[in-house]
Amino acid sequence: MQMPVYSLSGEVVDQIELSESVFALPFNEAVVHQAMVKQLANRRQGTASTKTRGEVSGSTRKLYPQKHTGRARRGDIKSPLLVGGGVVFGPKPRSYRQPMPKKMRRLALKCLLSAKVREGNLKLIQELDFEKPRTKDMINVLSTLGIDSSALIVTAQPAPNIVKSAANIPDVKVLPSNQINVLDLLSYDKLVATVSAVRNIEEIWG
């Protein structure tokens, strides 16, 4: 599969061959959905906690006699029916982590990468680096590539200058190639990657 490679000025400077085992797979909606739910669940902390009537601080003395008061039969002040009492069936710390086989996780990523290529939402650039962080430079690069929507920029290695240049641009995120994930691929319309980043992706997930 041939893909054009653009320069930072928006001109086609090369054609490269993409691996069909990574960028030409049919879309598997069930696997992608499961991977997305797993990622969202795994980032939950699960630290929400409430106290039961046995854990609330307070006296266990009966508030008033059981009979002959004309009032409700009342126990101690820690009853869930009273303000400041315990909570019935409240949340307790728990893990929300969901397991998913490695092959399915890899398949979900490759399905999304293939969808980006199929829909024309993948832009390859020869290289991307700035001498110093500058938002205007990043805006110019995106405009010359014809990107007017949200974009995920993938570099071969961590690039602090690129990250800082894109930090103030809405709906633009920069990631190294070994950290691409299902949620980010779903969240951003366009995928901009350097040639070396694509080769890393093929090596890691191919």
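All of the points below concern the structure found in this document. (Residues numbered from 1 in each chain as written. Predicted model: local features only at pLDDT ≥ 70, side-chain atom pairs only at ≥ 80, totals over all residues. Heavy atoms only, no water.)

1. Considerations on the overall build of the chain
For the chain, the helix and strand inventory stands at seven helices and six strands. Each helix and strand of the chain, placed in order from N terminus to C terminus, yields the pattern β-β-α-α-α-β-α-β-α-β-α-β-α. Rg of the C-alpha trace for the chain: 27 Å, well past the compact-globule value of 17 Å for 206 residues, more than 25% over. Once the C-alpha set of the chain is aligned to its principal axes, its extents read approximately 95 × 40 × 25 Å. Counting every position in the chain, which comprises 206 residues, the buried fraction comes to 39%. When the accessible surface of the chain is summed, it comes to about 12400 Å², and 51% of that surface belongs to carbon and sulfur atoms. Averaging the positions of the 30 positive and the 18 negative side-chain charges in the chain gives two centres separated by 23 Å. (Helix = DSSP H or I, 4+ residues; strand = E, 2+ residues; numbered from the N terminus. Rg over C-alpha atoms; globule rule 2.2 N^0.38 Å. Buried < 20%, exposed > 50% of the residue type's maximum accessible area, 1.4 Å probe, protein only. Areas by Shrake-Rupley, 256 points an atom, 1.4 Å probe, with all protein chains shown as cover. Lys, Arg positive; Asp, Glu negative; His and termini not counted. Charge placed at Lys NZ, Arg CZ, Asp CG, Glu CD.)

2. Re the sheet that holds strand β4 (residues 151–155)
One open sheet holds the six strands; their spatial order is β2-β1-β3-β6-β4-β5, and the pairing between them is mixed. Each having just a single partner strand, β2 (12–17) and β5 (172–176) make up the two edges of the open sheet. The sheet shows a mean angle of 30° between the axes of neighbouring strands, taken without regard to direction. As paired strands, strand β3 (residues 122–125) and strand β6 (residues 190–194) are joined by four bridges and run parallel to one another. (Pairing = 2+ DSSP bridges. Axes fitted to C-alpha atoms, helices over the stretch in contact; angles between N-to-C directions.)

3. Points about the pairing of β2
Inspection of the sheet shows strand β1 (residues 2–6) paired to β2 by five bridges, in the antiparallel sense. Bridged to tyrosine 6 within β2 is valine 12. The turn joining β1 and β2, which pair antiparallel and follow one another in sequence, is formed by five residues; a positive phi near 90° is taken by glycine 10.

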